[in-house]
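# Breakdown of the fold
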Amino acid sequence: KRLTKLHCMMAEQEAKQNQKGRFNPGDLANVKLKKTKKSKVAAQKEKTKLAKQLCEDADDYYRLVKETYFENYYDKIKDLTFDTEYIELTKDDCKILMNLHQEYLKWDKEMDEKRKQNKDKEEKKDEGGIPGIIINEYEYDRKDVESLIDKINKIKEDKKMEA
């Protein structure tokens, strides 16, 4: 009898340990949540949780964006700021400039690596001289931006003629 009771107790303990951290979803059917009264602060927070939208639709958004365009307000601040000229850029112009910028960033990163390697080499030499300086000019294919360069040069020429 003792051996049987011991086996039963051990089986019960093992069953409890196996169930630890687990639950039967059917047990949740009996669970009921209590309603609590919200404090005035919590109720106010819930009311102001969603901020009023600045733009009701896409057209309204683009109208607001266009209001920030420099050419729309430059004449009003012309006397308060430096002389400014601007040129229109097409989407293709923007894409070209963005690609050139990415190429430049890649080139600059490579130059940083070369500078670090050169610095490490100079530090290893224990000569006490002036460390070498790498000066590389960034070069790029100007044909893609030639039209923009021409526009800028024309603005410069017009300014020289006025002076």
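These figures come from a predicted structure and were not determined experimentally. (Residues numbered from 1 in each chain as written. Predicted model: local features only at pLDDT ≥ 70, side-chain atom pairs only at ≥ 80, totals over all residues. Heavy atoms only, no water.)

## What to know about the overall build of the chain
- Scanning the chain from N- to C-terminus turns up 6 helices and 0 strands.
- Its helices and strands taken in sequence order, the chain reads α-α-α-α-α-α from the N to the C terminus.
- Here the chain holds 163 residues, and the buried ones make up 7% of them.
- When contacts within the chain are restricted to residue pairs at least 6 apart in sequence, those whose partners lie at least 24 apart make up 50%.
- For the chain, the exposed surface amounts to about 16,700 Å²; the carbon and sulfur share of it is 54%. (Helix = DSSP H or I, 4+ residues; strand = E, 2+ residues; numbered from the N terminus. Buried < 20%, exposed > 50% of the residue type's maximum accessible area, 1.4 Å probe, protein only. Contact = heavy atoms within 4.5 Å. Areas by Shrake-Rupley, 256 points an atom, 1.4 Å probe, with all protein chains shown as cover.)

## A look at the confidence of the model for the chain
- Looking at the chain, pLDDT values average 77 and 69% of them are 70 or higher.
- The secondary structure element of the chain with the lowest average pLDDT is helix 1 (residues 2–19), at 60, and the one with the highest is helix 3 (residues 58–67), at 89. (pLDDT = per-residue confidence, 0-100.)

## Here we look at the packing of aromatic side chains
- Following the criterion strictly, the structure yields 8 aromatic pairs and no others.
- Residues Tyr 61 and Tyr 62 carry aromatic rings whose centres are separated by 5.2 Å and whose planes lie at 75 degrees to one another, so their mutual orientation is edge-to-face. (Phe/Tyr/Trp six-rings, centres within 6.5 Å; stacked < 30°, edge-to-face > 60°.)

## Let's talk about the side chain of Asp 60
- Relative to the elements of secondary structure, Asp 60 occurs in helix 3.
- By relative accessible area, Asp 60 is classed as buried at 17%.
- Setting aside its immediate chain neighbours within four residues, Asp 60 contacts Leu 54 and Cys 55.

## Quick look at the pattern of salt bridges
- The tally for this structure, following the rule as stated, stands at 8 salt bridges.
- Salt-bridge contacts for Arg 63 lead to Glu 67; the nearest nitrogen and oxygen are separated by 2.8 Å. Note that Arg 63 and Glu 67 are positioned in helix 3 at a spacing of 4 residues, about one turn of the helix.
- Here Asp 83 and Lys 159 are joined by a salt bridge, their closest N and O atoms 3.0 Å apart. Pair noted here: Asp 83 is in the loop between helix 4 (70–77) and helix 5 (91–124) and Lys 159 is in helix 6 (residues 146–162), with a separation of 76 residues, a long-range link. (Salt bridge = Lys/Arg side-chain N within 4 Å of Asp/Glu carboxyl O.)

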